[in-house]
Amino acid sequence: MVVLAISGIVINNTLIYFAGETSSATDMSILGVTGPLFIVILSWIWDKSPVKPLQVLGLFSACIGVLLIISKGNIENLKTIKPVVGNFWMLLNCFIFAVYSILQTKAPKELSQSVLLEVSAIIGTIILLLLIIAICFPCKLILYIFNKVSIPNAVHGINVSWLVVSNPKEVL
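Procedures and definitions
- Residues numbered from 1 in each chain as written.
- Predicted model: local features only at pLDDT ≥ 70, side-chain atom pairs only at ≥ 80, totals over all residues.
- Heavy atoms only, no water.
- Axes fitted to C-alpha atoms, helices over the stretch in contact; angles between N-to-C directions.
- Helix = DSSP H or I, 4+ residues; strand = E, 2+ residues; numbered from the N terminus.
- Parallel < 35°, antiparallel > 145°, perpendicular 65-115°, else oblique.
- Contact = heavy atoms within 4.5 Å.
- Nonpolar A, V, L, I, M, F, W, Y, C, P; charged D, E, K, R; others polar.
- pLDDT = per-residue confidence, 0-100.
- Salt bridge = Lys/Arg side-chain N within 4 Å of Asp/Glu carboxyl O.
- Buried < 20%, exposed > 50% of the residue type's maximum accessible area, 1.4 Å probe, protein only.
- Arc of directions from axis to C-beta.
- Polar contact = N/O pair within 3.5 Å; in protein donor to acceptor, adjacent residues only side chain to side chain.

A. Representation of the packing of helix α2 (residues 25-32) against helix α3 (residues 34-46) in the model. Between α2 and α3, the shortest axis-to-axis distance is 5 Å and the interhelical angle comes to 25 degrees. Considering their axes alone, α2 and α3 lie roughly parallel with respect to each other. In this structure, α2 uses I30, L31 and G32 to contact α3, whose residues at the interface are T34, G35 and P36. For the contact of α2 with α3, the per-class residue count stands at 3 nonpolar, 3 polar and no charged.

B. A look at the confidence of the model for the chain. Considering every residue of the chain, the mean pLDDT works out to 77; 78% of them sit at 70 or more. Of all helices and strands in the chain, the one with the weakest mean pLDDT is helix α8 (residues 151-156) (46), whereas helix α5 (residues 85-104) scores best (89). Every residue in residues 149-160 is under pLDDT 50, and counting partners more than four places away or in other chains gives 24 contacts.

C. Representation of the pattern of salt bridges in the model. Tallied over the entire structure, the rule returns 1 salt bridge. The partner of D47 in a salt bridge is K106, and the shortest N-O contact between them spans 2.7 Å. Placement of the pair is D47 in the loop between α3 and α4 (53-70) and K106 in the loop between α5 and α6 (113-136), with a sequence separation of 59 residues. Take K106: its relative accessible area is 49%, and that puts it in the partly exposed class.

D. Examining α2 more closely. Every buried residue of α2 is accounted for by D27, M28 and L31. For α2, the angular spread of buried residues about the axis comes to 100 degrees, placing them on one side. Each element contacted by the buried residues of α2 is listed here: α1 (2-22), α3 and α5. Where α2 begins, the side chain of S24 points an oxygen toward the backbone nitrogen of D27, at a separation of 3.0 Å.

E. Quick look at unusual backbone geometry. With a phi angle near 60 degrees, K48 is a residue other than glycine that sits in the positive phi range. Residue placement: K48 occurs in the loop between α3 and α4. Exposure remark for K48: the relative accessible area of 64% places this residue in the exposed category.

F. Representation of the side chain of S23. Locating S23 in the fold gives a position in the loop between α1 and α2. By relative accessible area, S23 is classed as buried at 8%. In this structure the side chain of S23 is engaged in a polar contact, spanning 2.6 Å, whose partner is the side chain of N87. Apart from the residues within four sequence positions on either side, S23 is in contact with M28, V84, G86 and N87.

What follows is the structure in structure tokens.
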């Protein structure tokens, strides 16, 4: 459960925020298509799951569809996309989400998907809060949270962690 929380809640959500700081929504959409591709590849490597022709067709059609939508039907428009560091974070996010998705299939079968998600979210939030305290306690984060951020957001953890990681000078 801790590994699910770390991969699906802590790392995945944090990487999305990192990606969004420098990457455009268009670039993030294009790279988001790699998630299912990573799932198929990692399932093949870890679980020896055969790659079925319909999976290949589905992945191919999804990639083509996203490229057509983003390029507005003109492939030449894709030449205007400039790689930025956020693209790397988004690609890493898709890979981590694929790992999370595969790990979910190995969770105890007696746990429903909603319970699995809730427990992962709770554990992930606790981990994020502990990281925030461990990293930023010396920089008066606690005072900042209680003075500037609503308690529900602080308890949720993700918004606060993003604020601290992306704008440490403002927190200080």
